[in-house]
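# Geometric and topological summary
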Amino acid sequence: MSARLIAQREFTELWRDGRLLLAGGLVLVLLATALAVGWQQQRSTDAERRAAQALDYDDWLKQDARHPHDAAHQGLHVFKPEPPLSIIDPGITPYVGTTIWLQSHKQSELRFRPAQDATGLQRFGSLSVAWVLQVLAPLLVIVLGFNAFAGEREQGTLRQTLSLGVSPRQLLWGKALALLAGLALFLLPAVLAAGAAVGLSAQGADAWWRLGALVLGYGLYIAIAVFGVLAVSALASTSRMALIVLLALWIAGATLAPRAVSDLASHLYPSPSRQAFNQQLEGDLHTAYTRAWKDQLGTDKRWGATLPLNRWGEALRVDDEAGYGVSDQHFGALWDAFAQQQRLQEWAGLAVPLLALRAYSMGLAGTDFSAHRHFSTAAETQRRTMQDLISDDLVAHADPLGNQHFSYQAGKALWAKVGRFEYRAVSAAEALRANLRSLGVLAFGFVAALLFAVWAAGVRKP
Amino acid sequence: MLETVSLSKAFDSTLALDNVSLRVEPGEIYCLLGANGAGKTTLINVFLNFVTPTRGTARVNGVDVTQAPLQTKRDIAYIPEQVMLYGVLSGLENLRYFAALATGTKAPRDELLRLLAQAGLDATAAERRVSTYSKGMRQKVGIAIALAKNAKALLLDEPTSGLDPKAAAEFSQLLRNARDAGVAVLTTTHDLFHAKQTGSRIGIMRQGRLVAELKSADLSHADLEALYLEHMK
């Protein structure tokens, strides 16, 4: 009863002094813009991807009779499908690319990174729904709530209210309710619009589960902001002091902490530079190739004249298989280092909830590093399938004369043996399971903020 | 009804209240006189549990205010020297809000308007935002809130400062009505005349101590003034 009354009065005040409409409206406009941009981008890239994927595979199937190894050098391209929720959180997609060239000898990384093509202005900050909610929503909470207690303390209305026998806790619930209602007024339309966009582009219930999980994560995050802001406001002697403290916390949390934690993470779990990684990989591959050629083919010279041409199919297989393990080891170590860095960021969410939410949001949207890894692994499996088929074919058609190796030509039957690449992303349940840590960190942050606010509301006399 | 026993409050090294014991019975108006800083407001704050006593106890209706502050505050209506309200809400909306918080029920509009009229606020002013109000008008809304609460005890901290003489006289009448209805009233004031006119009993405070207690019926206005000045020396 009291909490509802307080919430109603608080809401009326927020509405009448114009703050709610101005700040909330601004955030709503930004959210709508981000959503529209995300939707438009997703639709165009997805259409391009589908077309390119189909064309590329058709080209593969339609190859004329030719030497299989030539075909493998031409290779195939696979295109990473845009997950439906990339509308909301594009995650690391702009930085890691969407296309992999599957060709012989070499495991490739993704190419075509939008960030590479971006102009200076685009680099400045890509507007996404996730960014607005992660960075600007707490600022909105601060603008609406910094004076919730401190302002009333200055005005003297806090004394008036508490003299009536209202408990500080009810005051807290009322104020929290009003803030949440004010935020819902502007954030719910955005959630509904996002739901509509996801509904238009997604097939199946998976995207809905992911959207629901995202709403839960962002809900916890915003509740942390609400109770954190109310606690600071309850402890501050003046609303000016509350505002200064809150803005300082926001700046530290939104700009300094992510950078500092990411530096710390790469210091503790170093990942090699691209150049160093490639150098090491090349070096180890060379060693592995040399040993395999010596042990299994009895020669020191790779692809040299010492090996009769009728054994080149077999050599291809030996060469590939020697490379697979080394690649797996190097890419595995690199990706594990990234995963460890990520884990540290998630734990840092205990102090800066933004970090946990960022990981959780990308994870559930399917645009985080583990989604990238999952896709890269699937693509590499496809490449190895292609390689193995071709080596097997070359072994089966080894030239009995010994010098006609390059005259052999395979036909369409072989091309068709390489199946169409159908990528299936992990399910919503698996994505949630992989991100339970950050969800737990957010839930902990919520409980901590709640207890802090309850304590703060009661500890100071008016 | 309102009672303190050997109440002391120290702020750092200064004693704002020094061993104060007083009682206000139902149907009694107790006026506390004293210079600024004598401890009158601190005493009121102790009853509201806004200040925790260093020693001694304060009770409302027999209940220690530090033990059950929410319960004791429900028995009290409080009007400060400056009633503080929400500026963007009208007088009527402020009254509706505070009255509902105090009583737990939403009073109908004409009931609220009746209370405002009883407190002396013009009906046309009731719908205006409080940010346009004079101090006296705010004070009247505060009185209406206290009336709505229908409490067993009234705590008043210089309630008539800022009221014009007519409004002050009307306010004194309201106090007497409350007294006749069995309410215990504790009020601080600088106004000796007002104290003599409305008070049943008068206490004089100096440097945190209650230095004199008298029945107002026993002495004339001139006696009171002489006595007060004597104690202030």
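Structure shown above.
This report concerns the structure included in the present document.

Rules of the game
Residues numbered from 1 in each chain as written. Chains lettered and ligands numbered in written order. Predicted model: local features only at pLDDT ≥ 70, side-chain atom pairs only at ≥ 80, totals over all residues. Helix = DSSP H or I, 4+ residues; strand = E, 2+ residues; numbered from the N terminus. Rg over C-alpha atoms; globule rule 2.2 N^0.38 Å. Buried ≥ 20, exposed ≤ 12 C-beta atoms within 10 Å, placed from the backbone. Contact = placed C-beta atoms within 7 Å. Pairing = 2+ DSSP bridges. Axes fitted to C-alpha atoms, helices over the stretch in contact; angles between N-to-C directions. Nonpolar A, V, L, I, M, F, W, Y, C, P; charged D, E, K, R; others polar. Parallel < 35°, antiparallel > 145°, perpendicular 65-115°, else oblique. Left-handed = near helix turned anticlockwise from the far one by under 90°. Core = buried A, V, L, I, M, F, W, Y, C linked by C-beta atoms within 7 Å. Domains from an automatic or database assignment.

## Quick word on the overall build of chain B
Along the backbone of chain B there are 8 helices and 10 strands. In terms of overall size, chain B behaves like a compact globule, its C-alpha atoms giving a radius of gyration of 18 Å where 233 residues would be expected to give roughly 17 Å. When its C-alpha atoms are laid out on the principal axes, chain B stretches across 50 × 40 × 30 Å. Here chain B holds 233 residues, and the buried ones make up 46% of them. In chain B, the proportion of contacts linking residues at least 24 apart, taken out of those at least 6 apart, comes to 69%.

## Concerning the overall build of chain A
For chain A, the count of helices and strands is 19 helices and 2 strands. Against the compact-globule benchmark of 23 Å for 462 residues, chain A has a radius of gyration of 29 Å, which places it well outside the compact range. C-alpha atoms of chain A, sized along the principal axes, occupy 105 × 40 × 40 Å. Contacts in chain A between residues far apart in sequence, at least 24 positions, make up 85% of those at least 6 positions apart.

## Some remarks on the sheet that holds strand S5 (residues 63–64) of chain B
All names here are of chain B. On the basis of which strands lie adjacent, the open sheet formed by 4 strands has the order S2-S1-S4-S5 and antiparallel pairing. What marks the edges here is a single partner per strand, and that holds for strand S2 (14–24) and S5. The pairing of strand S1 (residues 2–11) with strand S4 (residues 55–60) spans 5 bridges and is classified as antiparallel. Across the sheet, the residue bridging to Leu 2 is Val 60, located in S4.

## Let's talk about the sheet that holds strand S6 (residues 76–79) of chain B
Residue and element names in this part refer to chain B. Spatial strand order, S6-S7-S8-S3-S9-S10: 6 strands in an open sheet with mixed pairing. What marks the edges here is a single partner per strand, and that holds for S6 and strand S10 (209–215). Across this sheet, the average inter-strand angle for adjacent strands is 15°, counted without regard to direction. As paired elements, strand S3 (residues 29–34) and strand S9 (residues 201–206) share 5 bridges and run parallel to each other. What sits directly across from Tyr 30, in S9, is Arg 201. Docked against the sheet, helix H1 (residues 40–47) engages S3, S6, strand S7 (153–157), strand S8 (184–188) and S9, running at close to 145° with respect to S7. Contacts from helix H8 (residues 221–232) reach S3, S9 and S10 within the one sheet, and its direction differs from that of S9 by about 20°.

## Focus: the interface of chain B and chain A
In this complex, chain B contributes 19 residues to the contact, which on the side of chain A involves 21 residues. Secondary structure elements with two or more residues in the side of chain B that touches chain A: helix H2 (69–74) and helix H3 (91–103) of chain B. Counting residues per element, the side of chain B that touches chain A draws most heavily on H3 of chain B, at 5 residues. Residues that form the side of chain B that touches chain A fall into these classes: 15 nonpolar, 2 polar and 2 charged.

## Topic: the packing of helix H1 (residues 2–16) of chain A against helix H10 (residues 168–201) of chain A
Residue and element names in this part refer to chain A. Axis separation between H1 and H10 bottoms out at 7 Å; the angle between their running directions is 45°. It follows from the interaxial angle that H1 and H10 lie oblique. Crossing of H1 over H10 shows right-handed handedness. Here H1 contributes Ser 2, Ala 3, Ile 6, Ala 7, Glu 10, Phe 11 and Leu 14 to the contact with H10, which in turn contributes Gln 170, Leu 171, Trp 173, Gly 174, Lys 175, Leu 177, Ala 178, Ala 181 and Gly 182. Partitioning the contact of H1 with H10 into residue classes produces 10 nonpolar, 4 polar and 2 charged.

## Details of the environment of Ala 68 of chain B
Residue and element names in this part refer to chain B. As for its position among the elements, Ala 68 is in the loop between S5 and H2. The class of Ala 68 is partly exposed, set by 13 C-beta atoms lying within 10 Å. Residues Ala 68 and Asn 49, 19 residues apart in the sequence, show an inter-C-alpha distance of 9.4 Å.

## Focus on the nonpolar core
Within the largest apolar cluster, 160 residues are counted, with the highest numbers of intra-cluster contacts made by Leu 230 of chain A together with Leu 95 and Ala 144 of chain B. Per-element accounting of this core gives the leading share, 18 residues, to helix H11 (residues 206–235) of chain A. Both domains that furnish three or more residues to this core are identified here as domain 1 (1–75 + 152–233) and domain 2 (84–150) of chain B. Those residues within four positions of Ala 144 of chain B in sequence are excluded, and the remaining contacts are Leu 95, Leu 115, Leu 116, Ala 119 and Leu 121 of chain B.

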